[in-house]
Amino acid sequence: MTKDEKLSKPKLSFWDVWNLSFGFLGIQMGFALQNANASRILQIFGADVHELSWFWIVAPLTGLIVQPIVGHYSDRTWTKLGRRKPFFLTGALLAAFGLIFLPNAGMLTALLPALWVGAGMLMIMDASFNIAMEPFRALVADMMPSDQRTLGFSIQTVLIGIGAVVGSWLPYAMTNWFGVSNATAAGEVPMNLLISFVIGAIVLVGSILVTIFTTREYSPEELDRFTSDEEITAEESEGLMSIFTDFKKMPTVMRQLSSVQFFSWFGLFGLWVYATPAVAHHIYGLPLGDSSSIQYQNAGDWVGILFGVYNGISAIYAFFLPAIANKVGRVKTHAISLLTGAAGFLFIYFAPNENWLILAMIGIGVAWASILAMPYAILIGSIPAKKMGVYIGIFNFFIVLPQILNALIGGPMVKYIYGGNPVFALLTSGISFIIAAALCLRVKDV
């Protein structure tokens, strides 16, 4: 078959696109529950504040290892269930297992200390979310024609935002709207968290099943008819090891953006790890060793609300990014957004009470939306179309490497430099965002 005989992918209806992307809602809901509550649960099981980043290191490490391997093999796997479906269904089931057993790690103390069981469940969840997410993104690319990608991106943004807000707010809602107690004894996870994580696991698997049962993947023969001869040749001529050669040949714009990404994600990792202990100690005035009082649980529930706020703001702001970028340019838009996020981080230190932290999260939400969108918008214009997949994979290194670095040095910095006070880790995140914004202004957008 020649290039001229290739067919265009048929357009999908709105509900086809909605069902195709629906699994993102459950994945993001589970991810939000983890981000907002994992440090809180690990502290309940006995982790010191300065140890938290070491437990979180499994997240970027699994991303660094699992994502390229899963992506490579999902390109080459065909089953009766489909090409991508076996991977994100497996990832969803494993992530649901982790969601259920992370807060219930205390049940397995006869085998291992609860803290180590909890850390193991966190590792399973991290790896599983990576197994589910990358093939899911690839499925969207497989199924949608290029002129519908904007619609697909918009629907994904809405579903990701809904899942993140619901997951973040669920523990607070269980207590304050449905009367489920968040009181607990030392070393035990409160009931509102236990129920929230079970609900998250059910929604995760259910939303993935919606996509699996409503979406039919194209067969290898159908995809071949939609793929140009040039694309087939490029894919078949390069093996997995070519990634090292491509790393050395990164375009200039990509090298410039890599430093921006590095400091952006270094700052974000600090937020996810230290938000709960920082808010509990700095805003609620609790001792650093407190992980079981009702005030600590209230602080943890409020952090979930705050995480929901920044995710919700992100989903809203994302729709305005194209118009702003058209006015001032993509580089300046991203730099301004990062500075807005930096202001949010720095304001946490000066907030007079927990309600004022909502203002800080608005700023962080603006930066989060831009971090998810603008670097890729700038990057795509600088890399060859045939290398799109491999260079986006390489670009992911500059997301996980700063998180690994923060995981290694963040704990010792809190213990030995910040006197055990985790709020200074959030101020460090703000400074990291300022550096990222300054480096962003050096990027030559093409």
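Above this text sits the structure in question.
Everything numeric in this text was worked out from a predicted model, so none of it was measured. (Residues numbered from 1 in each chain as written. Predicted model: local features only at pLDDT ≥ 70, side-chain atom pairs only at ≥ 80, totals over all residues. Heavy atoms only, no water.)

**Here we look at the environment of threonine 276**
Mapped onto the elements, threonine 276 comes out in helix α12 (residues 252-283). Take threonine 276: its relative accessible area is 3%, and that puts it in the buried class. Put simply, threonine 276 and glutamine 297 are 21 residues apart on the chain and 9.6 Å apart in space, counted from C-alpha to C-alpha. Beyond its immediate sequence surroundings of up to four residues, threonine 276 is in contact with Ala36, Arg40, Tyr296, Gly300 and Val303. (Helix = DSSP H or I, 4+ residues; strand = E, 2+ residues; numbered from the N terminus. Buried < 20%, exposed > 50% of the residue type's maximum accessible area, 1.4 Å probe, protein only. Contact = heavy atoms within 4.5 Å.)

**Details of the pattern of salt bridges**
Inspection of every chain in the model, using the stated rule, returns 1 salt bridge. For arginine 40, the salt bridge identified is with aspartate 301, shortest N-O distance 2.9 Å. Linking arginine 40 in helix α2 (residues 23-44) with aspartate 301 in helix α13 (residues 294-318), this pair joins segments that are 261 residues apart in sequence. A relative accessible area of 0% places arginine 40 in the buried class. Judged by its relative accessible area of 2%, aspartate 301 is buried. (Salt bridge = Lys/Arg side-chain N within 4 Å of Asp/Glu carboxyl O.)

**As for the packing of aromatic side chains**
Evaluated as defined, the whole model comprises 19 aromatic pairs. Both rings, one in tryptophan 265 and one in tryptophan 368, keep their centres 5.7 Å apart while their planes meet at 75°; by these two values the pair is edge-to-face. One end of the pair, tryptophan 265, is in helix α12; the other, tryptophan 368, is in helix α16 (residues 357-380), with 103 residues separating them in the sequence. Each member of the pair, tryptophan 265 as well as tryptophan 368, is classed as buried. Ring plane angle 90° and centroid distance 5.9 Å describe the contact between tryptophan 272 and tryptophan 368, whose orientation is recorded as edge-to-face. Here the residue tryptophan 272 occupies a position in helix α12, and tryptophan 368 occupies one in helix α16, the gap between them amounting to 96 residues. Across the pair, exposure class does not vary: tryptophan 272 and tryptophan 368 are buried alike. The structure contains a cluster of three or more aromatic residues connected by ring pairs, namely Trp265, Trp272, Phe307, Tyr310 and Trp368. (Phe/Tyr/Trp six-rings, centres within 6.5 Å; stacked < 30°, edge-to-face > 60°.)

**Side note on the packing of helix α5 (residues 85-101) against helix α8 (residues 191-214)**
As a packed pair, α5 and α8 sit with axes 8 Å apart at the nearest point and diverge in direction by 170°. Comparing their axes, α8 and α5 come out roughly antiparallel. Residues Lys85, Phe88, Leu89, Ala92, Leu93, Ala95, Ala96, Leu99 and Ile100 of α5 pack against Phe197, Gly200, Ala201, Leu204, Val205, Ile208, Leu209, Thr211 and Ile212 of α8. Residues of the contact of α5 with α8, tallied by class, amount to 15 nonpolar, 2 polar and 1 charged. (Axes fitted to C-alpha atoms, helices over the stretch in contact; angles between N-to-C directions. Parallel < 35°, antiparallel > 145°, perpendicular 65-115°, else oblique. Nonpolar A, V, L, I, M, F, W, Y, C, P; charged D, E, K, R; others polar.)

**A look at the side chain of threonine 184**
Residue placement: threonine 184 occurs in the loop between α7 (149-176) and α8. Reaching out from threonine 184, the side chain makes a polar contact with the backbone oxygen of glutamate 188 at a distance of 2.7 Å. Dropping the residues within four chain positions of it, threonine 184 is found in contact with Val189, Pro190, Ser292 and Gln297. (Polar contact = N/O pair within 3.5 Å; in protein donor to acceptor, adjacent residues only side chain to side chain.)

**Looking at the environment of leucine 401**
In this structure, leucine 401 sits in helix α18 (residues 397-417). Separated by 136 residues in sequence, leucine 401 and tryptophan 265 have C-alpha atoms that sit 8.8 Å apart.

**Let's talk about the nonpolar core**
Leu204, Leu271, Trp272 and Ile348 are the most contacted members of the largest nonpolar core, which has 119 residues in total. With 16 residues, α12 is the single largest residue contributor to this core. With near-sequence residues (within four places) excluded, tryptophan 272 lies in contact with Asn35, Ser39, Trp56, Trp265, Phe307, Tyr310, Trp368 and Gln403. (Core = buried A, V, L, I, M, F, W, Y, C linked by side-chain atoms within 4.5 Å.)

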